[in-house]
Amino acid sequence: MTDKHDHLDDFELDALFASARKADPEPSPDFMARLFGDIDMVSAEVPPADAVRGGLFASIWDAVGGWIGASGLAAATAAGVWVGVVSPSSLDNVTNAFFGDSVSVSLFASEDVLGVDG
Amino acid sequence: MAFDHFAGAPDEALLVAFANGDQAAARLLATRLAPRAIGQAFRLLHDRAEAEDVVQEAMLRLWRVAPEWRQGEAQVSTWLYRVVGNLCIDRLRKRKRSVGIDEIAEPADDTPSVSDRMQDNARLQALSDALAEMPDRQAQAVSLRHLEGLGNPEIAEIMEISVEAVESLTARGKRTLAKILAGRKAELGFGND
């Protein structure tokens, strides 16, 4: 049984934590080599679902323009999905909004806005 | 180096790329995550070799879950904090069973003035021993808050509990720690008045 007086106070606990936080070891090259070896091992165990190996993903990645291109691609995909699921009547509304049911164009103003007719 | 392909890519994207067969993506992810994971494990275990074993095990699990990784559900870093923390707590438990805290070698230097470095080592060892004595969840919360310096919302996500539960666990954990370390003040460099 300990006397509560013996317990570390908040100041002492903070000092203890501060000492521990100073310990910040860097991974050694040997250790990183172990991690990389595991990556190779797991890759060999389970081939990717589409059987695409090595740098093909990166090649495709480059082809779509990296992360910036991919975000544009994602937006285009989302737009494509939207177009695919909306009903034809909804699309009619969209096309009508752009083009109208019928268009009439008058080359001459019906009113004499410039007052040339006196 | 193939790393250039993925410069700036989120961790999750690198994991998905690895699941699609790109080992360079996994190497970059390992290079990014290993330093912090090693730090977390070492601060808990105070043993370099054990810390490396834990991180290697955690990363191996990460590569194996890559094909089933559910995008958007959790950040890779959050997942890794959780797995490294759990593996370390498991090791501390085994250590506790095999060696009583009083049997663990105390710092060799008993001269009045020890170097700062020795004092830091002694404190880290005492802290690691004490964490082994604490209830798991308290030890996790205290280490994530006070050793890793994470905020309560992030800890809540890692431990899959509410922020209020984190606050409660951290507060109780500090009291438990203060009690476990009672009587070791002088050894830790605190005046035992």
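On a predicted model such as this, the values are computed, not experimentally measured, just so you know.

**Q** An account of the overall build of chain A is needed here, citing residue identities and associated values.
**A** Summing up its helical and strand segments, chain A has 5 helices and 0 strands in all. The linear arrangement of helices and strands in chain A, starting from the amino end, is α-α-α-α-α. Evaluated residue by residue, chain A yields a buried proportion of 10% over its 118 residues.

**Q** If you had to explain the interface of chain B and chain A to someone new, which residues and values would you point to?
**A** Accessible area lost upon the coming together of the parts serves often as the stated size of an interface. Contact with chain B, which involves 46 residues of that partner, is made by 40 residues of chain A. Mapped by element, the contributors of at least two residues to the side of chain B that touches chain A are α1 (11–19), α2 (23–45), α3 (48–65), α5 (116–133), α6 (136–147) and α8 (163–180) of chain B. The biggest single contributor to the side of chain B that touches chain A is α2(B), with 12 residues.

**Q** Break down α6(B) for me, citing the residues and quoting the values.
**A** Residues and elements named next belong to chain B. With 12 residues, α6 should cover 16 Å at 1.5 Å per step; its first-to-last C-alpha distance of 15 Å lies within 8% of that length. The buried fraction of α6 amounts to 10 of the 12 residues, a majority that puts the element mostly inside the structure. For α6, the set of buried residues is Gln138, Ala139, Gln140, Ala141, Val142, Ser143, Leu144, Arg145, His146 and Leu147. Positive backbone phi, approximately 70°, marks Gly149, located one or two places after α6.

**Q** Give me the environment of B:Leu14: which residues, what numbers.
**A** Residue and element names in this part refer to chain B. Along the chain, Leu14 falls in helix α1. Separated by 14 residues in the primary sequence, Leu14 and Leu28 place their C-alpha atoms 7.8 Å from one another. When near neighbours in sequence (up to four residues on either side) are disregarded, Leu14 contacts Phe6, Ala9, Ala25, Ala26, Leu28 and Leu29.

**Q** I'd like a description of the confidence of the model for chain B, backed by residues and values.
**A** Residue and element names in this part refer to chain B. Of the residues in chain B, 87% reach a pLDDT of 70 or more, and the chain-wide mean stands at 87. Ranking the helices and strands of chain B by mean pLDDT puts α3 first, with 97, and α5 last, with 87. This stretch, residues 100–112, has a pLDDT under 50; its non-local contacts, to residues over four places away or in other chains, come to 10 contacts. Across the interface, the model reports ipTM at 0.83; the global pTM reads 0.71.

**Q** Describe α5(B), and please don't skip the residues or the numbers.
**A** If you check α5(B), its first and last C-alpha atoms are 26 Å apart, about what 18 residues at 1.5 Å a residue would give, namely 26 Å. Residues B:Ala122, B:Arg123, B:Leu124, B:Ala126, B:Leu127, B:Ser128, B:Asp129, B:Ala130, B:Leu131 and B:Ala132 constitute the buried set of α5(B).

**Q** Tell me about unusual backbone geometry, and name the residues and values.
**A** Residue and element names in this part refer to chain B. Notably, His46 is not glycine yet its phi reads approximately 50°, a positive angle. Mapped onto the secondary structure, His46 falls in the loop between α2 and α3. A residue is classified by how many C-beta atoms lie within 10 Å of it, and His46, with 20 of them, is buried. Despite not being glycine, Glu160 shows a phi value in the positive range, around 55°. Counting through the fold element by element, Glu160 comes out in the loop between α7 (152–159) and α8. Classification of Glu160 by C-beta neighbours within 10 Å gives exposed; the count is 10.

**Q** Explain the domain arrangement of chain B to me, using residue names and the numbers behind them.
**A** All names here are of chain B. Looking at chain B, the domain boundaries give domain 1 (1–100) and domain 2 (111–193). Relative placement of domain 1 and domain 2: their C-alpha centres are 23 Å apart. Contacts between the two partners involve 14 residues from domain 1, matched on the other side by 15 residues from domain 2. Of all the secondary-structure elements, those providing two or more residues to the side of domain 1 that touches domain 2 are α2 and α4 (76–98). When residues of the side of domain 1 that touches domain 2 are assigned to their parent elements, the largest contribution, 9 residues, is made by α4. Of the residues assigned to the side of domain 1 that touches domain 2, the class counts are 5 nonpolar, 4 polar and 5 charged.

**Q** So, the packing of α2(B) against α3(B): which residues are in play, and what are the values?
**A** When two helices pack together, their arrangement is captured by the angle between the axes and the distance separating the axes. Residue and element names in this part refer to chain B. Where α2 meets α3, the closest approach of the two axes is 8 Å, and the angle between their N-to-C directions is 140°. In this view, α2 runs oblique relative to α3, as classed from their interaxial angle. α3 is crossed by α2, and the crossing has right-handed handedness. Of α3, the residues touching α2 (which contributes Ala26, Ala30, Ala34, Ala37, Ile38, Ala41, Phe42 and Leu45) are Arg48, Glu50, Ala51, Glu52, Val54, Val55, Ala58, Met59 and Trp63. Considered class by class, the residues forming the contact of α2 with α3 number 14 nonpolar, no polar and 3 charged.

Quick notes on the rules
Residues numbered from 1 in each chain as written. Chains lettered and ligands numbered in written order. Predicted model: local features only at pLDDT ≥ 70, side-chain atom pairs only at ≥ 80, totals over all residues. Helix = DSSP H or I, 4+ residues; strand = E, 2+ residues; numbered from the N terminus. Buried ≥ 20, exposed ≤ 12 C-beta atoms within 10 Å, placed from the backbone. Contact = placed C-beta atoms within 7 Å. Expected span 1.5 Å × (residues − 1). pLDDT = per-residue confidence, 0-100. Domains from an automatic or database assignment. Nonpolar A, V, L, I, M, F, W, Y, C, P; charged D, E, K, R; others polar. Axes fitted to C-alpha atoms, helices over the stretch in contact; angles between N-to-C directions. Parallel < 35°, antiparallel > 145°, perpendicular 65-115°, else oblique. Left-handed = near helix turned anticlockwise from the far one by under 90°.

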